[in-house]
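# Coordinate analysis (summary)
Single-letter residue listing:
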2 protein chains.
Amino acid sequence: MPGQSLLLAHRLEGKNVLLVGGGEVALTRLKKLIPTGSRVTLIAPEVHPAVWEKYCSFIGPDEANSRVDFTDKDWRAKNGIYRVIKEGFKFDYLDLYRKDNDSGWSLILTCIPDKPLSEEIYHESKRRFGSQQTVNVADNPPLCDVYFGAELNFGAGDDSRMQLMISSNGMGPRFVALVRDEIRRMLEGIDFESSLDNLGALRQAVRGIASNDSRDTKYRMNWMKRCTETFGIKNCENLNVEELTKLFEKMYNDDQNMQFPREEEMFEKYLQ
Amino acid sequence: MPGQSLLLAHRLEGKNVLLVGGGEVALTRLKKLIPTGSRVTLIAPEVHPAVWEKYCSFIGPDEANSRVDFTDKDWRAKNGIYRVIKEGFKFDYLDLYRKDNDSGWSLILTCIPDKPLSEEIYHESKRRFGSQQTVNVADNPPLCDVYFGAELNFGAGDDSRMQLMISSNGMGPRFVALVRDEIRRMLEGIDFESSLDNLGALRQAVRGIASNDSRDTKYRMNWMKRCTETFGIKNCENLNVEELTKLFEKMYNDDQNMQFPREEEMFEKYLQ
């Protein structure tokens, strides 16, 4: 039985990711990678039509058969792949962005049917860049430093700032996707983006009032926590930030007390 | 506004993690790290009593003040820290497990109040081990390759194989914890462990019947998908694996058809 994993959110804006393979699995990887703003280099002799259409629009149909190495300087604006090398994998490609001991890759992902080759890519990556190089070999759990899971983006699709992931640590990929779908249904209708906007604005305002010493910081954080909990996840989209800021100022100046108004009054006066 | 993250489940069994700091934040890190089976080295001049009590039980009260470097050979069985170095951070410690270009650290995490020092640890880690070294500096988002989020373990606590994470990409840590709590309430009562056991057993049985070629594999996977979806997340804990295996065998031998019995019959005959 596998142990637990540590679930982490990787910040990949502008960082290089190596994707070896261009098939259906590569497509699922790209759907998750591109919204992070990562600079993806894809290496594959054949590229799935959907990958081609969605992420390689910078390559003209004429060019596609005359060269193998395509770079898009405008990849970020186009939400596409940064570089496509349309041929079989060569180990030299591991060093495309290497500088001395710096591999240049935040992640190395392989999703090719050739099992021995993908295993060799794993081991060679570790040999060259150390065990600290994060690698995922699709369909080969022992060679995965990280697993993918079922993801859910709350709110406005690719721009959503709130993300959820469920992993069964390889035990039931289809089942976790169902659980994910169920969670989506249950939380439907909540405006997570407005909620985060309101809470962000309130946190900012409150930070401007309190001083920066550790006692004030603690009070401020506790106050925000109590406030968020009082309203619950369904009401934060309607916070009256202005009135709540005044409430904080009053309580802060009144000896930093934690005597919030009764719940009834909170809901009546501080939601809009 | 921050872009999206790539959410990944890190497999850390037996891998070294460096944790610089021994306070309240370190405690929250340890709660997530220890169940992964990672080999944690903690470096801090002062250690929070709860960290000491929960994860350092191998250090006797007499020893605690006579030495600084403690290793527990039996750390895995005790669900504890592997090594505690009870003094201020020194940069030599980055090389504790280094072998040439291999840093020896899967993750480097700092959670100390000294901001300049933690920034220097970040930069020195990248200098020595390359940009591929994953680092998290608590409370300093620009120096985080990865963010932590609100986690939820379904089922039997630390042994749970199903895990969920929610991240707001730093925008509303308290709000995502509330969403996590809401999801926990909504899914209460579902036996996720039995569900995964049943689906695992069924997948195993079905794999033994179908051949390994790509057409059979595809049929087998589609069949499992349809089956899981038909029963939904609330019924997989009651699957009759034996009867479902027979059903698969029949359908597989009958020209690999996808004509499942009517839903009514499925629920009556194939749940127990």
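These numbers were taken from a predicted model, which means no experiment stands behind them.

Right, let's get into the sheet that holds strand 9 (residues 150–154) of chain B. The antiparallel open sheet is built from four strands, whose spatial order is 9(A)-10(A)-10(B)-9(B). Sheet topology places strand 9 (150–154) of chain A together with strand 9 of chain B at the edges, where each strand pairs with a single neighbour. Put simply, the sheet's adjacent strands are angled 15 degrees from each other on average, direction ignored. Against the sheet, helix 5 (residues 173–186) of chain A engages strand 9 and strand 10 (162–167) of chain A together with strand 10 (162–167) of chain B, with an angle of about 15 degrees to strand 9 of chain A.

As a further point, take the UniProt feature "domain: Siroheme biosynthesis protein Met8 C-terminal" (unreviewed entry) in chain A. Per the UniProt record, "domain: Siroheme biosynthesis protein Met8 C-terminal" (unreviewed entry) is found at residues 191–256 of chain A. Secondary structure across residues 191–256 of chain A divides into 74% helix and 0% strand, with the first and last C-alpha atoms of the span separated by 31 Å.

Turning next to the nonpolar core. In terms of nonpolar packing, the biggest core is built from 74 residues, with A:Ile183, A:Trp223, B:Ile183 and B:Trp223 touching the most fellow members. Among all residues touching B:Trp223, those that are not within four sequence positions of it are B:Leu202, B:Val206, B:Leu244, B:Leu247, B:Phe248, B:Met251, B:Met258 and B:Phe260.

With that out of the way, let us pick up the relation of the copies chain B and chain A. Two chain copies here: they are related by a rotation about an axis and a translation along the same axis. Each copy superposes on the other: chain B lies on chain A with an RMSD of 0.0 Å after a rotation of 180 degrees and an axial shift of 0.0 Å. What we have between these two chains is a two-fold relation. Counting the interface residues of chain B, we find that 100% of their copies in chain A are interface residues as well, pointing to one common contact surface.

A separate point is the interface of chain B and chain A. Between chain B and chain A, the residue contacts involve 76 residues of the former and 76 residues of the latter. Of the roughly 7,100 Å² buried between chain B and chain A on both sides combined, carbon and sulfur atoms contribute 58%. The three residues of chain B that bury the most area against chain A are B:Gln4, B:Leu6 and B:Arg11, which together make up 13% of that side's buried surface. For the pair chain B and chain A, the interface holds four salt bridges. Remark: the boundary between chain B and chain A carries 41 residue pairs in polar contact (both at pLDDT 80 or more).

Turning to the packing of helix 6 (residues 192–209) of chain B against helix 8 (residues 241–253) of chain B, a few remarks are in order. Residue and element names in this part refer to chain B. Across the interface, helix 6 lies against helix 8 with an axial gap of 10 Å and an inter-helix angle of 30 degrees. Classified by chirality, the crossing of helix 8 by helix 6 is right-handed. Of helix 8, the residues touching helix 6 (which contributes Asn198, Ala201, Leu202, Ala205, Val206 and Ile209) are Val241, Leu244, Thr245, Phe248, Glu249 and Tyr252.

In the numbering used here, UniProt assigns the feature "domain: Siroheme synthase central" (unreviewed entry) to residues 161–186 of chain A. Annotation note: span residues 161–186 of chain A, helix share 54%, strand share 23%, distance between end C-alpha atoms 19 Å.

As far as domains go, chain A holds domain 1 (16–148), domain 2 (149–188) and domain 3 (192–269). Spacing between the C-alpha centres of domain 1 of chain A and domain 3 of chain A amounts to 45 Å.

Moving on: the packing of aromatic side chains. For the structure shown, the criterion picks out 24 aromatic pairs over all chains. Ring plane angle 35 degrees and centroid distance 5.8 Å describe the contact between A:Tyr219 and A:Phe248, whose orientation is recorded as tilted. Pair noted here: A:Tyr219 is in helix 7 (residues 214–231) and A:Phe248 is in helix 8 (residues 241–253), with a separation of 29 residues, a long-range link. For A:Tyr219, a relative accessible area of 6% corresponds to the buried category. Aromatic side chains B:Phe89 and B:Tyr93 sit 6.5 Å apart centroid to centroid with 65 degrees between the ring planes, which places their arrangement in the edge-to-face category. Taken as a pair, B:Phe89 and B:Tyr93 share a single burial class, namely buried. Positioned above the aromatic ring of A:Phe148, the side-chain terminus of A:Arg29 is 3.9 Å from the ring centre. Here the guanidinium or amino end of A:Lys86 rests over the ring plane of A:Trp52, the centre of that ring lying 5.8 Å away.

In this section: helix 6 (residues 192–209) of chain A. For helix 6 of chain A, with 18 residues, the first-to-last C-alpha span of 26 Å sits near the 26 Å given by 1.5 Å per residue. Tucked inside the fold, the buried residues of helix 6 of chain A contact strand 9, strand 10, helix 7 and helix 8 of chain A together with helix 5 (173–186) of chain B.

Turning our eyes to something else, we now look at the packing of helix 7 of chain A against helix 8 of chain A. Residue and element names in this part refer to chain A. Relative orientation of the contacting elements helix 7 and helix 8 amounts to 135 degrees, with a least axis distance of 12 Å. Regarding the angle of helix 7 to helix 8, the classification is oblique. For the pair helix 7 and helix 8, the sense of crossing is right-handed. From helix 7, Asp216, Tyr219, Arg220, Trp223, Cys227 and Phe231 reach across to helix 8, where they touch Leu244, Leu247, Phe248, Met251 and Tyr252. Of the residues in the contact of helix 7 with helix 8, the class split is nine nonpolar, no polar and two charged.

Cut-offs and rules
Residues numbered from 1 in each chain as written. Chains lettered and ligands numbered in written order. Predicted model: local features only at pLDDT ≥ 70, side-chain atom pairs only at ≥ 80, totals over all residues. Heavy atoms only, no water. Pairing = 2+ DSSP bridges. Helix = DSSP H or I, 4+ residues; strand = E, 2+ residues; numbered from the N terminus. Axes fitted to C-alpha atoms, helices over the stretch in contact; angles between N-to-C directions. Contact = heavy atoms within 4.5 Å. UniProt positions renumbered as here; feature names shortened; annotations may be inferred. Core = buried A, V, L, I, M, F, W, Y, C linked by side-chain atoms within 4.5 Å. Buried < 20%, exposed > 50% of the residue type's maximum accessible area, 1.4 Å probe, protein only. Least-squares fit on C-alpha atoms with pLDDT ≥ 70 in both. Buried area = accessible area lost by both parts, 1.4 Å probe. Salt bridge = Lys/Arg side-chain N within 4 Å of Asp/Glu carboxyl O. Polar contact = N/O pair within 3.5 Å; in protein donor to acceptor, adjacent residues only side chain to side chain. Left-handed = near helix turned anticlockwise from the far one by under 90°. Domains from an automatic or database assignment. Phe/Tyr/Trp six-rings, centres within 6.5 Å; stacked < 30°, edge-to-face > 60°. Lys NZ or Arg CZ within 6 Å of the ring centre and 35° of its normal. Expected span 1.5 Å × (residues − 1). Parallel < 35°, antiparallel > 145°, perpendicular 65-115°, else oblique. Nonpolar A, V, L, I, M, F, W, Y, C, P; charged D, E, K, R; others polar.

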